[in-house]
Amino acid sequence: MNVPISRPLLGKTERKYVTDAITKGDISGAHGTYLKEFENSFAKFCGVRYVALVNSGTTALHVALASLDIKKGDEVIVPDLTMMATFFAVLYQGATPVTVDSEPDTGNIDPSLIERSITKRTKAIIVVHLYGHPADMDPIMKIAKKYKLRVIEDAAEAHGALYKGKRVGSIGDLGCFSFYSNKVITTGEGGAVISNNKALMERVNLIKNLSFGKKQKLMHESLGFKYQMTNLQAAVGAGQMTHVDNILKRKRAIGAYFLKHLSGIPEIELPLEKPYAWNVYWMFRIVLKGKLSGKRAQFMQKLAKRGVDTREDFVPFNQQKFAIKEGLAHPKLCPVAKSLGENGLYIPSGTDIAQKELAYVVEQVRAVVKEIVS
Ligand SMILES: *Cc1c(COP(=O)(O)O)cnc(C)c1O
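Residues numbered from 1 in each chain as written. Predicted model: local features only at pLDDT ≥ 70, side-chain atom pairs only at ≥ 80, totals over all residues. Heavy atoms only, no water.

## Some points on the site of the ligand
Not every one of the 15 residues close to the ligand is listed here, only the nearest: Gly57, Thr58, Glu157, Ser178 and Lys183. Residue Asp154 places a side-chain N or O atom 2.8 Å away from a nitrogen atom belonging to the ligand. Contact distances for the ligand include 2.6 Å between an oxygen atom and a side-chain N or O atom of Ser178. Across the complex, the protein chains shield 93% of the 390 Å² of accessible surface that the ligand would expose by itself. (Near = heavy atom within 4 Å. Polar contact = N/O pair within 3.5 Å; in protein donor to acceptor, adjacent residues only side chain to side chain. Areas by Shrake-Rupley, 256 points an atom, 1.4 Å probe, with all protein chains shown as cover.)

## Here's the deal with the pairing of strand 3 (residues 96-100)
Strand 3 sits mainly inside the fold: 4 of its 5 residues count as buried. Judged from the 5 bridges that link them, strand 2 (residues 75-79) and strand 3 form a sheet pairing that is parallel. From the neighbouring strand, Val78 faces strand 3, where its bridge partner is Thr99. What joins strand 2 to strand 3 is helix 4 (residues 85-92), and the crossover it makes is right-handed. (Buried < 20%, exposed > 50% of the residue type's maximum accessible area, 1.4 Å probe, protein only. Helix = DSSP H or I, 4+ residues; strand = E, 2+ residues; numbered from the N terminus. Pairing = 2+ DSSP bridges. Right-handed = clockwise from strand over helix to strand, strands pointing away.)

## A look at the nonpolar core
Residues Phe38, Phe42, Val76 and Phe179 are the most contacted members of the largest nonpolar core, which totals 77 residues. Within the second largest apolar cluster, 28 residues are counted, among which are Leu345, Ile347, Ile353 and Tyr360. (Core = buried A, V, L, I, M, F, W, Y, C linked by side-chain atoms within 4.5 Å.)

## Looking at the packing of aromatic side chains
The full count for this structure, using the stated rule, is 18 aromatic pairs. Judged by centre distance (5.9 Å) and plane angle (55 degrees), the ring pair of Phe38 and Phe42 falls under tilted. Of the two residues, Phe38 and Phe42 are both situated in helix 2 (residues 33-46); the distance of 4 residues between them amounts to about one turn of the helix. A residue is classified by how much of its surface remains accessible, and Phe38, at 0% relative accessible area, is buried. A centroid spacing of 6.4 Å and a plane angle of 15 degrees characterise the contact between Tyr131 and Phe314, whose relative ring orientation is stacked. Of this pair, Tyr131 sits in the loop between strand 4 (122-128) and helix 5 (137-147) while Phe314 sits in the loop between strand 13 (311-312) and helix 10 (321-325), and the two are 183 residues apart along the sequence. (Phe/Tyr/Trp six-rings, centres within 6.5 Å; stacked < 30°, edge-to-face > 60°.)

This is the structure:
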């Protein structure tokens, strides 16, 4: 058996909507009913007033930072362990990312380490909800309020996850999502910025579409970007929203299955669910420890031979060679993120994974642990 790392769950409605968009010739980002429909359904789902659809999670983060006028000379707090797009967005604006280490259990930003990283130049905190588990927002929002900082949530891996009953992405000033094919909700490639702040979202909507002039279209209001989602992508997204409850149910069921059947292995640390969290288990990340610590390459190779696809955890910013070379990163900083990055990996957990594939993955993981440990 071959089990891929992720397959999206695409239904009949997605196909019907895309066909309809093509039939009508509504394929760009300029107009089309599915853009509106996806915008509305995603806003309702997240519990916010405004959604701006864009063409990736990376551009969502960039346009969010640009809308807050984050620029050269400004510092932005970013968790060291994340997908590098979070850092790239800060660098696109010429601002300086300041890294904060992870909590050892969730891997999310450690709120107790944020305050010491704040300087006079700090303008914003980016919070990342890793692997579908919400970061601890209350202490972070409290710090942001105290120092008058903006909070951007990178919720690219956590659509639908709840922090104390609130959808992630709706708690900070701006929330950013990705709809890449392996994300919880997908449009192939795509993204969104969400918020309840009207003025901020007007700015997001202006600059994500070339800042076209309000009175005279081609007299542009400011520097702008071309970050539009197309109506074709939105057709897929609107289709996904018709069965989003089922998608989340599937994600939770996959998480629960692995938690139950991979428990009791001393060399594997499993994800958890903090009392404040409702985890959507974007990807099922495990961390190797004890006798398996430092043996990730061997572990992944052996699983690959048995047809089980895996992915390494993120390489934290402070371990990125390009960033070290440019003097932006320092490999001795953020030791918790470094250790998680070196020992973490994902096992197949896409929304469309079959029950027999889940059972096969468990069987093979257990067999490989035995092979290496004994
Ligand atoms: C996927 C991801 C992104 C980037 O999204 P794209 O749509 O691939 O540009 C940003 N941040 C995190 C945490 C992600 O997982």
